[in-house]
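# Examining the three-dimensional arrangement
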Amino acid sequence: QVQVVESGGGLVQAGGPLRRSCAASGTIFSISAMGWYRQAPGKQRELVASITSGGSTNYADSVKGRFTISTVNAKNTVYLQMNSLKPEDTAVYYCNIKNLRGSPFDFLDAWGQGTLVTVSS
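This write-up is about the structure you can find in this document.

## Some words on the packing of aromatic side chains
The final tally for this structure, using the stated rule, is two aromatic pairs. Ring centres of Tyr 37 and Trp 111 lie 5.1 Å apart, and the angle between their planes is 65 degrees; on these two criteria the pair is classed as edge-to-face. Separated by 74 residues along the polypeptide, Tyr 37 in strand S5 (residues 33–39) and Trp 111 in strand S11 (residues 107–111) bring together distant segments of the chain. With 6.4 Å between their ring centres and 90 degrees between their planes, Tyr 94 and Trp 111 make a pair best called edge-to-face.

## Quick look at the environment of Val 4
In this fold, Val 4 is placed in strand S1 (residues 3–8). Along the backbone, Val 4 and Cys 95 are 91 residues apart, and their C-alpha atoms lie at a distance of 7.8 Å. Excluding residues that lie within four positions of it along the chain, Val 4 makes contacts with Cys 22, Ala 23, Ala 24, Cys 95, Ile 97, Ala 110, Trp 111, Gly 112 and Gln 113.

## Observations regarding the state of the cysteines
With the rule as written, the count across this model stands at one disulfide. A sulfur-sulfur separation of 2.0 Å characterises the disulfide bridge that pairs Cys 22 with Cys 95. Here the disulfide of Cys 22 and Cys 95 is left-handed, its torsion about the S-S bond being about -80 degrees. Placement of the pair is Cys 22 in strand S3 (residues 18–25) and Cys 95 in strand S10 (residues 91–103), with a sequence separation of 73 residues. Considered together, Cys 22 and Cys 95 belong to a single accessibility category, that of buried residues.

## Here we look at the sheet that holds strand S8 (residues 67–72)
Here four strands make up an open sheet; going across it, the order is S1-S3-S9-S8 and the pairing antiparallel. Each end of this open sheet is capped by a strand with a single partner; those strands are S1 and S8. Sheet twist, expressed as the mean angle between neighbouring strand axes with direction ignored, is 15 degrees. Summarising the sheet, S8 and strand S9 (residues 77–82) pair through six bridges and their orientation is antiparallel. Counted as the bridge partner of Val 72 is Thr 77 from S9.

The rules behind the values
- Residues numbered from 1 in each chain as written.
- Predicted model: local features only at pLDDT ≥ 70, side-chain atom pairs only at ≥ 80, totals over all residues.
- Heavy atoms only, no water.
- Phe/Tyr/Trp six-rings, centres within 6.5 Å; stacked < 30°, edge-to-face > 60°.
- Helix = DSSP H or I, 4+ residues; strand = E, 2+ residues; numbered from the N terminus.
- Contact = heavy atoms within 4.5 Å.
- Disulfide = S-S within 2.5 Å.
- Buried < 20%, exposed > 50% of the residue type's maximum accessible area, 1.4 Å probe, protein only.
- Pairing = 2+ DSSP bridges.
- Axes fitted to C-alpha atoms, helices over the stretch in contact; angles between N-to-C directions.

Below you can see the structure in the form of structure tokens.
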């Protein structure tokens, strides 16, 4: 059975760094992309950053230059390094995997459990 498990996150002061990681485990044949979304209170879930299996990255304008997404494909793991954090980055962050081919099921979208990141001013 495929599982998506996140780690990292928590409370950090404004201007500080934080690193999140997400690992997919189980019988996995391929993944087309991995990424991070976030949802702040009263707001819709939004894409923060994504990376394809070929290494192409995409970032929300609000995090460009501050956040970096990276992967270890062989380990089906994705990282989000967040620097220069701002109070407006406070949200629940979710790991997302696109087009996961595995056994016994394939997933168009697989999600981690989500973790709250709080940036204090």
